[in-house]
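# Breakdown of the fold
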Amino acid sequence: MPSHQPMGRRARGKVPVAYLVPGFLVLAAFAAYPMFVLVRMSLSDVGPSNIVGDWPFVGLRNFADVLGTGEVWQSIWRTAFIAFFLLASNLIIGFMAASVLAIKGKLPTIVLGIMVFVWALPPLVSGSLWKFLLNDSGAINGILEAVGLPPAAWLSEPDLALWSVAAVIAWASLPFSILIIRGGLLAIPIDVLEAAEIDGASYWQSRFQIVLPLLRPTLWILGILTVLYAFKSFDFIYVLTRGGPGTVTSTLPVKSYNDAFSDFAMSTGATVAVVSMLFVVLLAIPYLRSLRKEVIE
Amino acid sequence: MRNRNKILTAAAVGAVFTLALGGCTNSENGSTSSGESGSTSNGDVTTLTFWSYYTAGSQAEWLAAQVKKFETDNPDIKIDVIETVGDQQDQKLLASVATGRGPDLFINNIVVDFPTLAAAGVFADLTPYWEKFADADEFPEASVWKDGDTVYNLLPYTNLLGMYYNLDILGEYGITEPPATLEELQADMEVVTADGKYKGLALSGAPSVEGAWLFAPQLLGEGINYCNFDGPKVGEAFNRLDSWASDGFIPKAAATWDQNASWQQFMTGKYAFAFNGNWQLGGLEDVAFKYGTAQYPKPEDGFSQVYPGGEGYGIGSQSEHPDLAWKFLEQAILTPEAADAIFTATGSIPTRADATDSAALQGDFVKPFVTAASDPGSWPKNENTAKMQNALGTEVSSVISGQKTGDEGAQAAIKNIADAAAGGGC
């Protein structure tokens with residue numbers, strides 16, 4: 001005997017699927033298809049002469065070539081260095097700054113306003129500003145000389161350039177971290193903190209022993225987002241050093257760009273981009289799990 | 001269907017690199033996103049698009065004046081100059097072939113991208129136009145760029161490297177003649193930098209084609225070019241560069257300077273010497289010190305030779321009005337008047353024989369560059385020429401910054417240039 005489901009319920013059952021269609025189409029057009037082309041390019045021999053035309057399939061040869069040279073491993077290491085630098089900056093400084101700013105008052109409001117401004121600045125603008133400040137004869141060296149310290153070649157000394165670039169990227173990403181952590185702090189029930197205070201906990205004791213454990217899910221997600229940000233950081237490095245001096249600031253995205261668009265080695269650039277993407281995918285898995293866990297909770 | 005696939009592929013390639021690079025910005029110079037490709041007709045007026053990365057300064061003003069004059073003389077043709085970003089011009093041109101939305105006219109960095117763009121089918125064939133061009137004999141062979149026997153790209157003016165020197169500084173240390181050899185230059189730099197008051201040499205050591213272009217003459221003068229890049233002379237040149245950097249004649253910051261940044265440093269009056277191009281001559285009017293120019297110093301037992309540079313002019317392979325585009329080139333770019341105007345405006349040296357004889361090009365400051373233009377080095381005709389030049393530039397930057405020693409830089413340059421050139425010929 002056929003079931004006679006009411007029309008309204010059947011229609012309602014199909015609605016959510018219909019809602020997914022536009023999103024699915026946009027995702028397919030702007031993410032899935034380009035990624036498919038990228039992967040296809042990384043498995044083919046593509047140069048300027050055949051960018052329009054047939055792409056001979058070469059299997060994993062490009063990956064063997066790229067991963068067989070020390071160059072890409074150095075780029076991976078540099079990218080990882082920036083990721084660790086950002087993690088330290090965003091989580092440690094971010095937590096401390098958010099703790100200070102999680103109080104009511106005019107000053108925190110002004111500081112937060114400035115941070116949002118910094119965060120919203122286009123990297124091209126803030127990067128150019130930092131390039132000017134970090135120049136040999138820039139303001140930072142001027143200050144150092146004024147207090148009797150020797151100037152430094154911030155962007156051209158091989159041992160210093162990657163630190164300088166990482167510091168600028170950290171400066172730009174810190175406001176976002178502070179805002180996220182501050183949001184997490186404000187969501188903690190005040191009763192818990194008051195109880196700790198009554199029990200004799202100092203301000204920083206309650207921060208580290210009560211607040212920090214409660215913030216763990218927020219910090220975990222922020223940490224993953226920070227590493228993802230590090231793996232896609234391109235604009236600041238492009239403006240500040242273009243991967244130089246030599247190759248000391250050539251991270252995975254910069255190498256991918258230079259291979260594809262400066263050397264016109266399209267397949268090599270695509271292969272480096274795929275390698276970079278694999279790292280991002282590996283990091284995205286725990287991020288998605290965390291999000292799902294939060295939704296369930 | 002095939003066209004649609006090409007468009008989808010090109011769009012996808014662009015999108016995916018954008019995604020992978022996390023939002024690489026191209027808003028630097030505000031290239032337009034619509035109406036920038038192909039020609040259009042509106043009644044009796046045909047509009048041709050011209051992709052130019054001359055976005056400001058004397059070169060842009062010169063081009064604007066040429067366009068204005070052409071439009072006045074040809075009221076039925078409008079030239080729509082679309083400002084592009086120099087670094088991204090090649091990407092745009094390559095993508096335009098796939099999307100079918102290329103320009104009618106464009107300029108390109110001919111010495112870096114010609115083999116690449118020719119292989120990709122970006123250029124229209126200029127051979128029939130060139131064969132009928134009445135003034136073709138005025139242009140030397142080196143200004144007509146061919147792939148096989150097919151003319152694709154024209155170089156109506158050229159830019160070459162030379163040496164600028166600060167006469168005030170040299171006078172202060174009793175140096176009366178500019179150095180003619182690299183050894184003399186080194187000796188002079190030792191003198192002027194000894195008391196720490198001045199610095200030696202401002203040059204671009206960027207890890208790119210610019211760093212390569214500035215360093216390559218030290219090897220060209222020994223007979224070494226991209227096609228025979230090997231041997232002890234390469235090591236000697238890199239070790240010389242290493243010693244200049246470690247002795248403080250060149251600042252470490254030069255490892256990231258492009259040519260404009262290094263020129264700004266020379267303009268501060270703190271540097272005794274600078275390697276730079278003739279296009280800087282146009283900006284020397286307000287300089288606060290006395291200066292002079294000379295040819296790029298030669299190696300002790302070698303000769304002074306530099307690679308020629310300059311903008312190539314081409315017609316897009318997809319232009320619907322190649323005849324009108326050629327008309328623009330013929331009347332606005334390749335004339336003796338245009339040649340005089342580009343030299344007056346920017347200091348670029350026209351390649352027309354009748355223009356190089358003009359009195360203006362016999363001036364003291366420009367003469368070393370004109371002399372250099374008479375015997376320039378030859379670029380490799382290799383699809384990977386950009387990769388070869390970038391490989392050299394990267395090692396130059398590495399050595400100046402101290403990331404590598406001279407020997408390490410030389411070995412890496414030899415290997416990477418050979419790898420890049422493999423299979424591509426010269």
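What you see is a predicted model; the values in this text were computed from it and never measured.

The next point concerns the overall build of chain A. When helices and strands are tallied, chain A shows 13 helices and 0 strands. Secondary structure elements of chain A, listed N to C terminal, follow the sequence α-α-α-α-α-α-α-α-α-α-α-α-α. The C-alpha radius of gyration computed for chain A amounts to 24 Å, which surpasses the reference 19 Å derived for 297 residues by more than 25%, pointing to a less compact arrangement than a globule. Dimensions of chain A, computed from C-alpha atoms along their principal axes, come out at roughly 85 × 70 × 30 Å. Put simply, chain A has 297 residues, and 36% of those count as buried.

Looking now at the overall build of chain B. A tally of regular secondary structure across chain B gives 17 helices and 13 strands. Residues classed as buried in chain B amount to 53% of the 426 residues present. For chain B, restricting intrachain contacts to residue pairs at least 6 apart in sequence, the fraction spanning at least 24 positions comes to 78%.

Looking now at the environment of B:Ala118. Residue and element names in this part refer to chain B. Its place among the elements puts Ala118 in helix H4 (residues 110-120). As for Ala118 and Asn153, which are separated by 35 residues in sequence, their C-alpha atoms are 9.0 Å apart. Residues in contact with Ala118, not counting those within four places in the same chain, are Phe123, Asp147 and Tyr152.

For the rest of this paragraph, the subject is the confidence of the model for chain B. All names here are of chain B. Of the residues in chain B, 89% have a pLDDT of 70 or more, and the chain-wide mean is 88. Low pLDDT (under 50) marks residues 18-34, which in the prediction has 40 contacts with non-local residues, meaning those over four places away or in another chain. For this predicted complex, the interface score ipTM comes out at 0.78, alongside a pTM of 0.82.

What follows concerns the sheet that holds strand E11 (residues 291-294) of chain B. All names here are of chain B. The sheet built from 4 strands is open, its strands ordered E9-E10-E8-E11 with mixed pairing. Strands at the two margins of the open sheet, each flanked by one partner only, are strand E9 (199-202) and E11. Taken pair by pair, the neighbouring strands of this sheet meet at an average axis angle of 20°, ignoring direction. Relative to strand E10 (residues 271-277), E9 runs parallel, the two being bridged by 3 bridges. When the sheet's bridge partners are listed, Leu201 is paired in E10 with Phe273. Those strands touched by helix H11 (residues 259-267) are strand E8 (161-166), E9 and E10, and its axis lies near 150° from that of E10.

A few words on the pairing of strand E2 (residues 45-52) of chain B. Residues and elements named next belong to chain B. One ladder, built from 7 bridges, connects E2 with strand E3 (residues 77-83); its direction is parallel. Its bridge partner being in E3, Trp51 is matched across the sheet by Ile82. Bridging between E2 and strand E4 (residues 105-109) involves 2 bridges; their strand directions are parallel. Paired with Phe50 across the two strands is Leu105, which belongs to E4.

A separate point is unusual backbone geometry. All names here are of chain A. Look at the link from Gly244 to Pro245: it is a cis peptide, with omega at -5°. Within the secondary structure, Pro245 is located in the loop between helix H11 (235-240) and helix H12 (252-262). Phi at Phe264 takes a positive value of approximately 60°, unusual for a residue other than glycine. Relative to the elements of secondary structure, Phe264 occurs in the loop between H12 and helix H13 (266-296). Taking the number of C-beta atoms within 10 Å as the measure of exposure, Phe264 has 30 and is therefore buried.

Right, let's talk about helix H6 (residues 139-146) of chain A for a bit. Little of H6(A) sits inside the fold, with 0 of its 8 residues counted as buried. Note on H6(A): the residue one or two positions beyond its end, A:Gly148, has a positive phi of about 85°.

So, on to the packing of helix H10 (residues 232-246) of chain B against helix H17 (residues 406-421) of chain B. Residues and elements named next belong to chain B. Between H10 and H17, the shortest axis-to-axis distance is 8 Å and the interhelical angle comes to 135°. Looking at the two axes, H10 sits oblique to H17. In this structure, H10 crosses over H17, and the sense of that crossing is right-handed. Judged by residue contacts, Val234, Gly235, Phe238, Asn239, Leu241 and Asp242 of H10 engage Gly406, Asp407, Gly409, Ala410, Ala413 and Ile414 from H17.

What follows concerns the interface of chain B and chain A. Taken together, the contact pairs 43 residues of chain B with 44 residues of chain A. Of all the elements in the fold, those that place two or more residues in the side of chain B that touches chain A are helix H1 (2-20), helix H3 (89-99), H4 and helix H16 (385-401) of chain B. Here the side of chain B that touches chain A takes 9 residues from H1(B), the largest share from any one element. Residues that form the side of chain B that touches chain A fall into these classes: 21 nonpolar, 16 polar and 6 charged.

Residues and elements named next belong to chain B. As assigned here, chain B comprises domain 1 (2-154 + 311-347) and domain 2 (161-308 + 382-421). Facing the 11 residues of domain 1 at the interface are 13 residues of domain 2. Elements supplying a minimum of two residues to the side of domain 1 that touches domain 2: H4 and helix H13 (336-346). Considering every element that reaches the side of domain 1 that touches domain 2, the biggest residue donor is H4, with 6 residues. Broken down by class, the residue content of the side of domain 1 that touches domain 2 amounts to 6 nonpolar, 4 polar and 1 charged.

This part is about the environment of B:Gly223. Residues and elements named next belong to chain B. Mapped onto the elements of the fold, Gly223 is located in the loop between helix H9 (217-220) and H10. The exposure class assigned to Gly223 is partly exposed, which follows from the 13 C-beta atoms found within 10 Å. Spatially, the C-alpha atoms of Gly223 and Ala206 are 24 Å apart, while their sequence positions differ by 17 residues.

Residue and element names in this part refer to chain A. The geometry of helix H7 (residues 158-186) relative to helix H10 (residues 216-232) is characterised by a closest axis approach of 10 Å and an angle of 165° between their N-to-C directions. Taken together, H7 and H10 sit at an angle that is classed as roughly antiparallel. Where H7 crosses over H10, the two elements pack in a sense that is right-handed. Where H7 abuts H10, its residues Ser173, Ser177, Ile180, Ile181 and Gly184 lie against Thr218, Leu222, Thr226 and Tyr229. When its residues are assigned to classes, the contact of H7 with H10 shows 4 nonpolar, 5 polar and no charged.

Ranked by size, the top nonpolar core spans 166 residues in total, and within it B:Leu201 and B:Ala274 carry the most contacts. Three or more residues apiece are contributed to this core by two domains, here domain 1 (2-154 + 311-347) and domain 2 (161-308 + 382-421) of chain B. What B:Leu201 contacts, discounting residues up to four positions off in sequence, is B:Met189, B:Trp244, B:Phe249, B:Ile250, B:Tyr271, B:Phe273, B:Ala274 and B:Phe275. Residues A:Phe95, A:Ile178, A:Ile181 and A:Leu222 belong to the second largest nonpolar core, which totals 9 residues.

Each value, and the rule that gives it
Residues numbered from 1 in each chain as written. Chains lettered and ligands numbered in written order. Predicted model: local features only at pLDDT ≥ 70, side-chain atom pairs only at ≥ 80, totals over all residues. Helix = DSSP H or I, 4+ residues; strand = E, 2+ residues; numbered from the N terminus. Rg over C-alpha atoms; globule rule 2.2 N^0.38 Å. Buried ≥ 20, exposed ≤ 12 C-beta atoms within 10 Å, placed from the backbone. Contact = placed C-beta atoms within 7 Å. pLDDT = per-residue confidence, 0-100. Pairing = 2+ DSSP bridges. Axes fitted to C-alpha atoms, helices over the stretch in contact; angles between N-to-C directions. Parallel < 35°, antiparallel > 145°, perpendicular 65-115°, else oblique. Left-handed = near helix turned anticlockwise from the far one by under 90°. Nonpolar A, V, L, I, M, F, W, Y, C, P; charged D, E, K, R; others polar. Domains from an automatic or database assignment. Core = buried A, V, L, I, M, F, W, Y, C linked by C-beta atoms within 7 Å.

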